[in-house]
Each structure stands twice: as structure tokens, then as C-alpha cells.
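Below, each chain spelled out in residue letters.
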Amino acid sequence: MTLWKSRIEKKKVLILDGAWGTELFNRDLKPPQVPDAWNIERPEEVLAVALSYVNAGADIILTNTFGGSPLKLAKSGLERKTAEINRLGAEISKKAARDRALVFGSIGPTGEFVAPLGKATEVEMVKGFAEQAKALAAGGVDGIVIETMMDLTEAKAALRAVRENTSLPAAVTMTFNKAGHSYATLMGVRPEQAATELERAGANMVGANCGAGMDILIEVARLMRPATGLPIWCKPNAGLPELVDGNTVYRETPEQMSSKLAALVEAGATMVGGCCGSTPTHIHALVLERDKLAA
Ligand SMILES: [Zn+2]
């Protein structure tokens, strides 16, 4: 049995890590510099974020490689560093995790759209994601998470790249928002449709991350649960983003977030962490709450 499956068997609910972007910006990362570049330039800061989540008790932490596909890195002229950025990202998180946590390599969207909506081709996307996936595997990750996806074509291209170039388990999660009385990604993908199609495409875990807080992800998990037999991975933001003096803030406290863990698990989630605005303190609160529920 693979590592992640035996950990679920033992703990029932696994706690994932929290936000990386907001944590790195708190450590003085300044736009337009991209977080991924810090794997080369400021590895000690990246290691500190990884360690903060391991110390908070996360069962699985990710890598600082969310923007590490060559199509995305090309926007900052870093596409030639794809292999280095991803391998180092994996190595840094593995160094922090040692045998205390598993490491899943993060693959985020390219920022491009597949034709006819955009200029990118599916072949080009698979090729780019393959380069990223191979480097993450070379760095020693235990799995891959393809996250914050809006478009099924892109999500499936990333999944195909992982399948064809590694033997790693893969989670695929999309970003849903409330649309009237239902939920959909910006590209119109519904939660139940994502769960069905991504399972069929070979995902080992499906789910949702970012865009919304606990309350909305509880509804999204409830819609996904009957559509798939796979474990459901949920990383809500620390509430809905609010704009204050030109800055985006997330107000949900660790206590507020963890108080909703039972409802999220009841709705069908097996793996729970945090996305934007969540901190090691949020993750630690989720760990304590999970242990309380299990007792
Ligand atoms: Zn997020």
C-alpha cells in the first residue's frame, strides 16, 4: 500500500499544510518577484515555511513550486530554470519533512488557455507539465497535487503529464465559487462534474482549493462525495478575501476554521488544509481538532 493510503487508514483524516504565497510575502518577498524563484535565491526562507507546517503537525506538506510550469515561469523569464526550481522545491520540503510528513509537489495553472479560448495547445501544456513533474519526482516528492485549476482540459493535461512521466499518486483540485444557487469554477466546471471526470482521467484524489472558505467548501465536498469513490482533498482559504486599503485580507481565525472541520469531514473530505490566508497556527488548530474528533 502506498504511504498516503496507509496514513489515511491510520488517521482517517489527514491534515495538509496552509498557504505558502502569503507566508513568503510576509517574509519580504516583493512582487514582481515570483515565489518559486526563492527556491534558488532564498532557500532558507522557503525551508522556514516548510518547517513551520511540519512543526504545526501537518501530515502532508507541499512544495514552493505552484508557479513552476515553464509556461508560467516564462512570464518572468525563468522558463530555463524549470528543472532547477522544481527539483530544489522538492528537496527543500523533503529536508523539512524528513520522516514526519509526506511531501506533495505543487503544480498550479499556467495562466494560459487552451485554444480556441487562448493560444496554448494541449500538447504544449502536457510537455510543460511533464518537465515540471519529472523535476519534482527527481527531487524526491511522495506525490503530486495539481491545484487551483479552473479548466478541465488544463487539469487533465497536467494529470496526463504526471501519469506518463512518474509513478507518483496525484491529487487534482479545482477552485470553485458560488454561482447563484450552485457552485462552479470560472470556466463553468461543477464540483460533481470535476470529481467524475478527474477520477475517470486517473486522479488518485480529487477536491477543491482556494477561492472560498470553509462554508463553501463544505457544500462543494457534499456535491463531490456521491460522484466519486476517491478521497476528497480540501484546502479552503481563511474565509473570503476582503479588500482593505488595497490589501487582500483573510479574516477567518484558526478557531473559526477548525470549528468547521467536523462539518467538512462529514460532508466527505478526507484531507483538509488551508489555502490563502491560512497560517501554521490555522493548521495546528486543525491538527488538534482532528485529534479531538478521532479520540
Ligand atoms: Zn489560495
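Here is what the cut-offs are and how they apply
- Residues numbered from 1 in each chain as written.
- Predicted model: local features only at pLDDT ≥ 70, side-chain atom pairs only at ≥ 80, totals over all residues.
- Heavy atoms only, no water.
- Donors = N, O, S within 2.8 Å, 3.2 Å for Na, K, Ca; no water.
- Helix = DSSP H or I, 4+ residues; strand = E, 2+ residues; numbered from the N terminus.
- Buried < 20%, exposed > 50% of the residue type's maximum accessible area, 1.4 Å probe, protein only.
- Pairing = 2+ DSSP bridges.
- Contact = heavy atoms within 4.5 Å.
- Axes fitted to C-alpha atoms, helices over the stretch in contact; angles between N-to-C directions.
- Expected span 1.5 Å × (residues − 1).
- Patch = residues over 30% accessible without salt bridge, like charges linked within 9 Å, V, L, I, M, F, W, Y side chains within 5 Å.
- Areas by Shrake-Rupley, 256 points an atom, 1.4 Å probe, with all protein chains shown as cover.
- Salt bridge = Lys/Arg side-chain N within 4 Å of Asp/Glu carboxyl O.
- Right-handed = clockwise from strand over helix to strand, strands pointing away.
- Parallel < 35°, antiparallel > 145°, perpendicular 65-115°, else oblique.
- Left-handed = near helix turned anticlockwise from the far one by under 90°.
- Nonpolar A, V, L, I, M, F, W, Y, C, P; charged D, E, K, R; others polar.
- Polar contact = N/O pair within 3.5 Å; in protein donor to acceptor, adjacent residues only side chain to side chain.

Visitor: Which residues make up the coordination of the zinc ion, and what values go with them?
Guide: Note on the zinc ion: its protein donors are Cys210 (SG), Cys275 (SG) and Cys276 (SG). The metal-donor distances range over 2.2 to 2.3 Å. For the zinc ion, the donor residues sit on a single chain with the sequence spacing C-x64-C-C. Of this pair, cysteine 210 sits in the loop between β8 (205–209) and α10 (214–224) while cysteine 276 is found in the loop between β12 (269–272) and α13 (280–294), placing the two residues 66 residues apart along the sequence. For cysteine 210, a relative accessible area of 13% corresponds to the buried category.

Visitor: Outline the sheet that holds β12, listing residues and values.
Guide: Taken in spatial order, the eight strands make up an open sheet running β1-β12-β9-β8-β5-β4-β3-β2, and their pairing is parallel. Every other strand in the sheet has two partners, leaving β1 (14–15) and β2 (60–62) as the edge strands with one partner each. Both strand β5 (residues 170–174) and β8 contribute to a ladder of four bridges, which runs parallel. What sits directly across from threonine 173, in β8, is glycine 207. Along the sheet, helix α7 (residues 122–138) makes contact with β3 (102–107) and β4 (143–149), crossing β3 at roughly 160 degrees. In the packing of helix α8 (residues 152–165) onto the sheet, the strands contacted are β3, β4 and β5, and the crossing angle to β4 comes to about 170 degrees.

Visitor: Describe unusual backbone geometry, listing the residues and the values that go with them.
Guide: Proline 31 connects to proline 32 through a cis peptide bond whose omega is 10 degrees. Position of proline 32 among the secondary structure elements: in the loop between α2 (21–26) and α3 (38–41). The phi dihedral of lysine 12 falls on the positive side, at around 70 degrees, and the residue is not glycine. According to the relative accessible area criterion, lysine 12 is exposed, its value standing at 57%. Backbone geometry places arginine 98, a non-glycine residue, at a positive phi of 40 degrees. Locating arginine 98 in the fold gives a position in the loop between α6 (82–97) and β3.

Visitor: For α7, give the residues involved together with the corresponding values.
Guide: With 17 residues, α7 extends 24 Å between its outermost C-alpha atoms, agreeing within 8% with the 24 Å of an ideal straight helix rising 1.5 Å per residue. Those residues of α7 lying buried are Met125, Val126, Gly128, Phe129, Ala130, Gln132, Ala133, Ala135 and Leu136. On its buried side, α7 packs onto α5 (70–73), α6, β3, β4 and α8. A positive phi of about 100 degrees marks glycine 140, the residue just after α7.

Visitor: Any details on a nonpolar patch on the surface? Residues and values, ideally.
Guide: A cluster of nonpolar side chains, Phe113, Leu117, Leu186 and Met187, forms an exposed patch at the surface whose accessible area comes to about 430 Å². Residue classification places methionine 187 among the partly exposed residues on the basis of a relative accessible area of 31%.

Visitor: Give a description of the pairing of β4 that names residues and reports values.
Guide: For a regular strand, the rule is simple: side chains alternate between the two faces of the sheet. With seven of its seven residues buried, β4 lies for the most part within the structure. Sheet topology note: the β3/β4 ladder contains four bridges and is parallel. For serine 106, the partnering residue across the bridge sits in β4 and is valine 145. Crossover β3 to β4 through α7 is right-handed. Pairing between β4 and β5: four bridges, direction parallel. Its bridge partner lying in β5, methionine 149 is registered against methionine 174. Between β4 and its parallel partner β5, the chain crosses via α8, and the hand of that crossover is right-handed.

Visitor: Kindly report on the pairing of β12, identifying the contributing residues and their values.
Guide: Both β1 and β12 contribute to a ladder of two bridges, which runs parallel. Residue isoleucine 15 lies in a different strand from β12, and its bridge partner there is valine 272. Note that strand β9 (residues 232–235) and β12 share three bridges and pair parallel. Looking across to β12, one finds that cysteine 234 is bridged to valine 272.

Visitor: Residues and numbers for the packing of helix α4 (residues 43–56) against α6, please.
Guide: One can describe the packing of α4 onto α6 by two numbers: an axis separation of 8 Å at closest approach and a directional angle of 45 degrees. The angle between the axes of α4 and α6 places the two elements in the oblique class. You can see that α4 and α6 cross each other, and the crossing is right-handed. Touching Pro43, Val46, Leu47, Ala50, Leu51 and Val54 of α4 are Ile92, Ser93, Lys95, Ala96 and Ala97, all from α6. A breakdown of the residues in the contact of α4 with α6 according to their chemical character gives nine nonpolar, one polar and one charged.

Visitor: A description of the side chain of threonine 185 should follow, citing residues and the corresponding values.
Guide: Looking at where threonine 185 falls in the secondary structure, it is placed in the loop between β7 (182–184) and α9 (191–200). For threonine 185, the side chain forms a polar contact with the main-chain oxygen of methionine 150, separated by 2.7 Å.

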